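These are the residues of each chain, in order.
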Amino acid sequence: LSPYFNELSEDSQKRFDKNILRIFDSKNPVDQKILENAPLLLNHLDNESVEHFNAVKELLNSAEIKFEIDPKLVRGLDYYTHTTFEIISDSVGAQSALCGGGRYDLLIEQLGGKPTPGVGFAAGMERILLACKNEGLLEDKPVTIDVYVALLNKDFKTQAFKLALDLRRNRIKTEIDYLNRSLKAQMREANKLNAKVVVFFGGDEFARKEAAVKIMDTGAQEIFPLSELLLKIKEFL
């Protein structure tokens, strides 16, 4: 590139000494014209890199993951070793890259740590969601939970929160009111979330160490001791 230095774009001239490989990434048409006959990294790999690259391709093929080799793909950071990659989608317009990254097996050691292999990427969440939507990959499933804990009295919020935590730890999808809403508003929320069971927490029942439980699809309601609540809810579900 040295004979063409004065013809390169301003950005590429800045990259010439700092990170010359980034010139491959230039979108400037003059830069791209100059690079047409430039040597490519793939033609100058050592034996270790060739072996590693072939292993990556073999694994991708065995996993039936489609890929294209881009001889001019470079990343904006200098710590990558061996593989760099981008995941792209044709369904999100001109900005087709959903994420990009690579291996950085030497980075931890360079920072003073023990030799540690690593791989990572940065992703655009909005682009991923847009691609999933445009490609019909997002299922429009109704929200469903197992249990809604309805507070009859905000004074029992701590105990109700502990109940919700116990239910979640038992893999029971549970929601609870955090906004001190009325019981009517809480029931609207339970219906909106398609709760299978509503536990009414507070009132006279709580004073007797009990709680009322309503099965939403039948409307049946029963009162159980707090000590049996988890077991009874599991039976209902």
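Fair warning: this is a prediction, and the values are worked out from it, not measured in the lab.

Undergrad: Describe in detail the overall build of the chain, supporting the description with residues and values.
TA: In terms of helices and strands, the chain carries 9 helices and 8 strands. Computed over the C-alpha atoms, the radius of gyration of the chain is 29 Å, more than 25% above the 18 Å expected from 2.2 N^0.38 for a compact globule of 237 residues. Referenced to the eigenvectors of the C-alpha coordinate spread, the extents of the chain come out at roughly 90 × 40 × 35 Å. Counting every position in the chain, which comprises 237 residues, the buried fraction comes to 28%. Contacts in the chain between residues far apart in sequence, at least 24 positions, make up 47% of those at least 6 positions apart. Carbon together with sulfur atoms contributes 53% to the accessible area of the chain, which is approximately 16400 Å² in total. Each charge sign in the chain was given a centre, from 32 positive and 36 negative side chains, and these centres are 8 Å apart.

Undergrad: A description of the nonpolar core should follow, citing residues and the corresponding values.
TA: Core analysis: the biggest nonpolar cluster contains 20 residues, and Val147, Val149, Val199, Phe201 and Leu229 have the highest contact counts within it. Secondary-structure elements contributing two or more residues to this core are strand S4 (147–151), helix H6 (157–169), strand S6 (197–201), strand S7 (210–215) and helix H9 (229–236). Per element, the largest residue contribution to this core is 4 residues, and it comes from H6. Those residues within four positions of valine 199 in sequence are excluded, and the remaining contacts are Val147, Tyr148, Val149, Ala150, Leu163, Ala211, Ala212, Val213, Leu229 and Ile233. Ranked by size, the runner-up nonpolar core spans 10 residues in total, among them Tyr148, Ala190, Leu193 and Ala195.

Undergrad: Requested: an account of the sheet that holds S7, with residues and values cited.
TA: An order of S5-S4-S6-S7-S8 is seen for the 5 strands of this open sheet, with the pairing classed as mixed. This sheet does not close on itself; its edge strands, each paired only once, are strand S5 (174–176) and strand S8 (221–225). Taking each pair of neighbouring strands and ignoring which way they run, the sheet shows an average axis angle of 25 degrees. Across 5 bridges, the pairing between S7 and S8 is antiparallel. Across the sheet, residue valine 213 finds its bridge partner in S8, namely glutamate 222. Packing against the sheet, H6 makes contact with S4, S5 and S6, and its axis sits at approximately 165 degrees to S5. Against the sheet, helix H7 (residues 183–192) touches S4 and S6, its axis set at about 170 degrees to S4.

Undergrad: Could you give an account of the pairing of S7, with specific residues and numbers?
TA: The pairing of S6 with S7 spans 4 bridges and is classified as antiparallel. Note that in S7 the partner of phenylalanine 200 across the bridge is alanine 212. The antiparallel pairing of S7 with S8 creates a hairpin that spans 5 residues between the two strands, and glycine 219 there sits at a positive phi of about 80 degrees.

Undergrad: Tell me about the sheet that holds strand S1 (residues 84–88), residues and numbers included.
TA: Taken in spatial order, the 3 strands make up an open sheet running S1-S2-S3, and their pairing is antiparallel. Two strands in the sheet have a free side with no partner beyond their single neighbour: S1 and strand S3 (119–123). On average, adjacent strands in this sheet sit at an angle of 20 degrees to one another, irrespective of strand direction. Of the strand pairs in this sheet, S1 and strand S2 (residues 97–103) are connected by 5 bridges, and their pairing is antiparallel. Counterpart to glutamate 86 in the pairing with S2 is glycine 100. Here helix H5 (residues 125–134) sits on the sheet in contact with S2 and S3, set at roughly 125 degrees to S2.

Scoring rules and cut-offs
- Residues numbered from 1 in each chain as written.
- Predicted model: local features only at pLDDT ≥ 70, side-chain atom pairs only at ≥ 80, totals over all residues.
- Heavy atoms only, no water.
- Helix = DSSP H or I, 4+ residues; strand = E, 2+ residues; numbered from the N terminus.
- Rg over C-alpha atoms; globule rule 2.2 N^0.38 Å.
- Buried < 20%, exposed > 50% of the residue type's maximum accessible area, 1.4 Å probe, protein only.
- Contact = heavy atoms within 4.5 Å.
- Areas by Shrake-Rupley, 256 points an atom, 1.4 Å probe, with all protein chains shown as cover.
- Lys, Arg positive; Asp, Glu negative; His and termini not counted.
- Charge placed at Lys NZ, Arg CZ, Asp CG, Glu CD.
- Core = buried A, V, L, I, M, F, W, Y, C linked by side-chain atoms within 4.5 Å.
- Pairing = 2+ DSSP bridges.
- Axes fitted to C-alpha atoms, helices over the stretch in contact; angles between N-to-C directions.

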